[in-house]
Amino acid sequence: MPSFDIVSEIDMHEVTNAVDQAKRELGNRWDFKNVDADIELDDKGITISAEQEFQLEQLLDMLRMAFAKRNIDARALTEEGDSKSGKLMKQHLLLKQGIETDMAKKIVKMIKDQKMKVQASIQGDKVRVTGKKRDDLQEAIAMLREAELDIPLQFNNFRD
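As a starting point, this report considers the structure included with it. (Residues numbered from 1 in each chain as written. Predicted model: local features only at pLDDT ≥ 70, side-chain atom pairs only at ≥ 80, totals over all residues. Heavy atoms only, no water.)

Remarks on the nonpolar core
Note that soluble globular proteins tend to have their nonpolar side chains buried in a common cluster. Counting residues in each nonpolar core, the largest one holds 25 residues, and the members touching the most others are Val15, Ile39, Ile46, Ile48, Leu59, Leu63 and Phe67. Elements with a minimum of two residues in this core: α1 (12–28), β3 (45–50), α2 (53–69) and β5 (88–95). If you tally residues by element for this core, the top one is α2, at 7 residues. Excluding residues within four positions of it along the chain, leucine 59 makes contact with Leu26, Phe32, Ala37, Asp38, Ile39, Ile48, Ser49 and Ala50. Membership of the second largest hydrophobic core comes to 24 residues, among which are Ile6, Ile111, Val118 and Ile141. (Core = buried A, V, L, I, M, F, W, Y, C linked by side-chain atoms within 4.5 Å. Buried < 20%, exposed > 50% of the residue type's maximum accessible area, 1.4 Å probe, protein only. Helix = DSSP H or I, 4+ residues; strand = E, 2+ residues; numbered from the N terminus. Contact = heavy atoms within 4.5 Å.)

Brief notes about the packing of α1 against α2
Axis separation between α1 and α2 bottoms out at 8 Å; the angle between their running directions is 135 degrees. Judged by the angle between their axes, α1 and α2 are oblique. Crossing of α1 over α2 shows right-handed handedness. Together, Val15, Ala18, Val19, Gln21, Ala22, Glu25 and Leu26 of α1 and Leu59, Met62, Leu63, Ala66, Phe67 and Lys69 of α2 make up the contact between the two elements. The class makeup of the residues in the contact of α1 with α2 is 10 nonpolar, 1 polar and 2 charged. (Axes fitted to C-alpha atoms, helices over the stretch in contact; angles between N-to-C directions. Parallel < 35°, antiparallel > 145°, perpendicular 65-115°, else oblique. Left-handed = near helix turned anticlockwise from the far one by under 90°. Nonpolar A, V, L, I, M, F, W, Y, C, P; charged D, E, K, R; others polar.)

As for the pairing of strand β1 (residues 3–7)
Burial analysis of β1 places 5 of its 5 residues in the buried class, which makes it a mostly covered element. Residues Ser3, Asp5 and Val7 of β1 are buried on one face, and the alternating residues Phe4 and Ile6, pointing to the opposite face, are buried as well. By the bridge criterion, 4 bridges tie β1 to strand β8 (residues 154–159) in an arrangement that is antiparallel. For aspartate 5, the partnering residue across the bridge sits in β8 and is asparagine 156. (Pairing = 2+ DSSP bridges.)

Topic: the packing of aromatic side chains
Remark: the centre distance and the inter-plane angle together describe each pair of aromatic rings, the angle taken between the planes. Applying the stated criterion across every chain, the model contains 2 aromatic pairs. Consider the rings of phenylalanine 4 and phenylalanine 155, whose centres lie 6.0 Å apart with planes at 70 degrees: the pair is edge-to-face. With phenylalanine 4 in strand β1 and phenylalanine 155 in strand β8, this residue pair connects regions lying 151 residues apart in the sequence. There is no split in this pair, since phenylalanine 4 and phenylalanine 155 are both buried. Centre to centre, the rings of phenylalanine 4 and phenylalanine 158 are 6.0 Å apart; their planes meet at 10 degrees, and the pair counts as stacked. Taken together, the positions of phenylalanine 4 in strand β1 and phenylalanine 158 in strand β8 put the pair 154 residues apart, joining distant regions of the chain. Residue class for phenylalanine 4 comes out buried when judged on its relative accessible area of 0%. Assessed through its relative accessible area of 33%, phenylalanine 158 is described here as partly exposed. Taken together, the ring pairs connect Phe4, Phe155 and Phe158 into an aromatic cluster. (Phe/Tyr/Trp six-rings, centres within 6.5 Å; stacked < 30°, edge-to-face > 60°.)

Written out as structure tokens, the structure is:
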């Protein structure tokens, strides 16, 4: 029976490259000369720090542009909140990987509401969709691509 998996994954190597690219751009920008600003990548996410609020926004824009150049969906970044320590303002950005249970239930419900001839089941942090015909599966993929979801979705493990 044909099937495919719906996942939300990020290539961490590309994320590292995007952060390095944003750091290089930070070093080249004249409006950040003699400004204490930085972009750091750790295992949980990305931390950006600058002296003022508008500089944080500029760093976030640079990071999003670097993500776009590397074909990483910017929806994978979630802002966790600002903190101020001394003269620096910091903002931590989480990298979303995997589909949370609530979002997986929403995806399954969307597929069932369309009354397609496919079945969707939640398997850990991914959703598996099975059907009798390949065309039905492609119709489900097209419907999910058009849907306005806050997470980036990839469709892999397509089997006939």
